[in-house]
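# Inside the fold
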Amino acid sequence: MRSLVPTLEDSREVMQEVAVVLWRKFEDISKAEDFRRWAFGVARLKALDFHRKRGRDRHCFGTELLELLASEAEQADTDYDLERQALEECLEKLPNPQRALVEAAYAPGVRMDALAKQSGRTAMSLYKTLHRIRITLIQCTQKTLSMEGAR
Amino acid sequence: MNPDDPAWELIGTYLGGSASPEQTRQLEALMLNDPKLRTAFLRYARMDAVLAGQPPSAAGQPLLSETPWEDTPKIRSARLRLSPVAAAAAAGVVFGMFCSSMVLAYVAPVASKALGLLWESFETGPAPLAEGVPNEASRWGGDDSELVGMQQGVKPSTGSRMLRLRRPDFAGKPPAASVRADMYRVVDLRAHRQKIGHGEAMVQLSALFNHGVSGKALGSDGLITLYALPNARAFTGLVPDDSRLSLGAVAMVRKSIARLDDQPQTWEKLQVELRLPAETQFLVIHLGMKPLPPLATGSEFDGLYVDDVRLTLGRRAALP
């Protein structure tokens, strides 16, 4: 969902709708793979519905790319548990100030401009720093996963 | 993809919600023609979603013992054993499900730490149901309440919203001697049956309470209860008489503050722990507050607030 909806807040809103549908129905589906496919389908429909309601917002991707992303996310052979665990390990490896910044930036309801002011930076500088940390985390996660795979 | 590739910056800007229409079109054109860039985008989005859903307990504040679960399957083989619920959780990384207030978020399998089941700061979820004990695990419900921002000198403990307990009843509730506002949330533990079956599982529940300065009441109390229930029948259909929860419970724990302090700047914390009987399938969280001295039955309350509810599953061996 995060890849199909442009902001975190929007993805949370849409995800609430998805979660309600999944929760009502999941006991009716016995096979894990069926559930996964169905869950992806619900999420895709809800995301497209979000874009439809919003009209052709020029800040969002078009339907062709959204469909492509949804399809590739569904088909990807990614072990999400492993990836999440690797990310947690990488978070722990971050220097304390960087980790604290990530935690502060992702705390519910936090405003980036307020956080920037609090940390004595400009909002732009904060965005850039966070972006660099995220790239570090992605690289580290991928490295950790490839080392796991080599074992 | 090279970390210095400028496309990363476009991805970060887009997912940060600050891309201009021109930047959006530029990234879109690049991604339509580059499968590797789409893979990078999906990785970035997944990471963003996971980070946004990390409760603080998973980021260095474990609330209970960190003794590893001996019965936890090896992570590498976990996918082969996914239950539908676990599959949903796994898929949830992509979907961004790991939000603190989402019911499917808490089934994410974390192998060796205390597991954050719920971290509710009332920032993103829907308004609570005013229908008594909710019959679904994704919602808060109970007496009449609302989500509010700072008011009456009380600032939300976390984020910008908190829960205001508005009345000791809800539309359709039979008139009774209810003088306290009660809120509930059901937590489904069936995905953790293996952990609970060994009898060493503990849950820890905490919540913050506060009351405002200009309300009708001079003060208020605060109360939390945690019920361990063996089946869904123990909490469904309890609209008229939620006290039946204790009759259907296999274990419960309660703690209260007789009178909160008069400082709206400070939140007061209530915390309980409960060892879960092996047959536990559901938990029901109960939060309650009433003004002091109690108001007449049916009166609307003023300035009673709850925030930052946390529930953690961990392990602790029984005393010898």
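### Here we look at the overall build of chain B
- Assigned secondary structure in chain B consists of seven helices and 13 strands.
- A total of 320 residues make up chain B; the buried ones form 58% of that total.
- Long-range contacts, defined as pairs at least 24 residues apart, comprise 75% of the intrachain contacts of chain B with a sequence gap of at least 6.
- If you sum the accessible surface of chain B, you get close to 12500 Å²; carbon and sulfur atoms cover 52% of it.

### Brief notes about the sheet that holds strand E11 (residues 282–289) of chain B
All names here are of chain B.
- Pairing is antiparallel in the open sheet, where five strands are placed in the order E2-E5-E11-E8-E9. What marks the edges here is a single partner per strand, and that holds for strand E2 (140–142) and strand E9 (251–257). Here the average twist between neighbouring strands, direction ignored, is 20°.
- In terms of strand pairing, strand E8 (residues 222–229) meets E11 through seven bridges, oriented antiparallel. Residue Leu 229 lies in a different strand from E11, and its bridge partner there is Phe 282.

### Some details on the pattern of salt bridges
- Scanning the model with the defined rule gives 14 salt bridges over all chains in all.
- Residue Glu 72 of chain A is joined to Arg 38 of chain B by a salt bridge in which the shortest nitrogen-to-oxygen separation is 2.8 Å. Of this pair, Glu 72 of chain A sits in helix H3 (residues 63–75) while Arg 38 of chain B sits in helix H3 (residues 35–52), placing the two residues on different chains.
- Its relative accessible area of 22% is what places Glu 72 of chain A among the partly exposed residues.
- Assessed through its relative accessible area of 7%, Arg 38 of chain B is described here as buried.
- One salt bridge connects Arg 167 of chain B with Asp 169 of chain B, and the closest N-O pair in it is separated by 2.8 Å.
- Through salt bridges with shared partners, a single ionic network connects Asp 144, Glu 146, Arg 164, Arg 166 and Glu 300 of chain B.

### A few points about the packing of aromatic side chains
- For the structure on display, the rule yields five aromatic pairs over all chains.
- On the numbers, 4.0 Å between centres and 5° between planes, the contact of Phe 61 of chain A with Tyr 14 of chain B is stacked. Of this pair, Phe 61 of chain A sits in the loop between helix H2 (32–54) and H3 while Tyr 14 of chain B sits in helix H1 (residues 6–15), which puts the two residues in different chains. We note that Phe 61 of chain A, like Tyr 14 of chain B, is buried.
- Joined through ring pairs, the aromatic side chains of Phe 61 of chain A together with Tyr 14 and Phe 41 of chain B make up one cluster.

### Some words on the pairing of E11 of chain B
Residue and element names in this part refer to chain B.
- Counting buried positions along E11 yields eight of eight residues, so the element is predominantly enclosed.
- Every second residue of E11 is oriented toward a common face, with Phe 282, Val 284, His 286 and Gly 288 on one face and Leu 283, Ile 285, Leu 287 and Met 289 on the other, all of them buried.
- Sheet analysis places strand E5 (residues 181–188) next to E11, joined by eight bridges and oriented antiparallel. Pairing of Asp 188 across the sheet is with Phe 282, part of E11.

### Let's talk about the packing of H1 of chain B against helix H2 (residues 21–32) of chain B
Residue and element names in this part refer to chain B.
- It is the contact of H1 with H2, at a shortest axis distance of 10 Å, that shows an interaxial angle of 125°. Accordingly, the angle class assigned to the pair H1 and H2 is oblique. Read as a crossing pair, H1 and H2 show a hand that is left-handed. Contact residues: Leu 10, Ile 11, Thr 13 and Tyr 14 in H1; Gln 23, Thr 24, Gln 26, Leu 27 and Leu 30 in H2.
- Of the residues that constitute the contact of H1 with H2, the class distribution is five nonpolar, four polar and no charged.

### Section: the state of the cysteines
All names here are of chain A.
- Applying the stated criterion to the full structure yields one disulfide over all chains.
- A sulfur-sulfur separation of 2.1 Å characterises the disulfide bridge that pairs Cys 90 with Cys 140. Where Cys 90 bonds to Cys 140 through sulfur, the torsion about that S-S bond is close to -85°, and the disulfide is left-handed. Here Cys 140 lies in helix H7 (residues 123–150) and Cys 90 lies in helix H4 (residues 80–93), a separation of 50 residues in the sequence.

### A few points about the nonpolar core
- Grouped together as the largest cluster of nonpolar side chains are 43 residues, with contacts concentrated most on Phe 61 and Leu 137 of chain A together with Ile 11 of chain B.
- Within the residue set of this core, elements represented by two or more residues are H3, H4, helix H5 (96–105), helix H6 (112–118) and H7 of chain A together with H1, H2 and H3 of chain B.
- No other element matches the 10 residues that H3 of chain B contributes to this core.
- Contacts of Ile 11 of chain B, omitting those with residues within four sequence positions, involve Leu 27, Leu 37, Ala 40, Phe 41 and Tyr 44 of chain B.
- Leu 115, Ala 207, Leu 283 and Val 306 of chain B belong to the second-largest nonpolar core, a separate cluster that totals 39 residues.

### A few points about the environment of Gly 314 of chain B
- Mapping Gly 314 of chain B onto the fold places it in strand E13 (residues 304–315).
- In sequence terms Gly 314 of chain B and Met 202 of chain B are 112 residues apart; their C-alpha atoms lie 5.2 Å from each other.

### Describing the confidence of the model for chain A
- Per-residue pLDDT for chain A averages 75, and the proportion of residues at 70 or more is 66%.
- Here helix H1 (residues 8–25) of chain A stands out as the element of chain A with the lowest mean pLDDT, 66, in contrast to H7 of chain A, whose mean of 87 is the highest.

### Thoughts on the packing of H3 of chain A against H3 of chain B
- Following both chains from N to C, one finds H3 of chain A and H3 of chain B inclined at 75°, their axes separated by 11 Å at the closest point. When the axes of H3 of chain A and H3 of chain B are compared, the pair comes out roughly perpendicular. In contact with Leu 65, Leu 68, Leu 69, Glu 72 and Ala 73 of chain A of H3 of chain A, H3 of chain B contributes Arg 38, Phe 41 and Leu 42 of chain B.
- Partitioned by chemical class, the residues of the contact of H3 of chain A with H3 of chain B number six nonpolar, no polar and two charged.

About the cut-offs
Residues numbered from 1 in each chain as written. Chains lettered and ligands numbered in written order. Predicted model: local features only at pLDDT ≥ 70, side-chain atom pairs only at ≥ 80, totals over all residues. Heavy atoms only, no water. Helix = DSSP H or I, 4+ residues; strand = E, 2+ residues; numbered from the N terminus. Buried < 20%, exposed > 50% of the residue type's maximum accessible area, 1.4 Å probe, protein only. Contact = heavy atoms within 4.5 Å. Areas by Shrake-Rupley, 256 points an atom, 1.4 Å probe, with all protein chains shown as cover. Pairing = 2+ DSSP bridges. Axes fitted to C-alpha atoms, helices over the stretch in contact; angles between N-to-C directions. Salt bridge = Lys/Arg side-chain N within 4 Å of Asp/Glu carboxyl O. Phe/Tyr/Trp six-rings, centres within 6.5 Å; stacked < 30°, edge-to-face > 60°. Parallel < 35°, antiparallel > 145°, perpendicular 65-115°, else oblique. Left-handed = near helix turned anticlockwise from the far one by under 90°. Nonpolar A, V, L, I, M, F, W, Y, C, P; charged D, E, K, R; others polar. Disulfide = S-S within 2.5 Å. Core = buried A, V, L, I, M, F, W, Y, C linked by side-chain atoms within 4.5 Å. pLDDT = per-residue confidence, 0-100.

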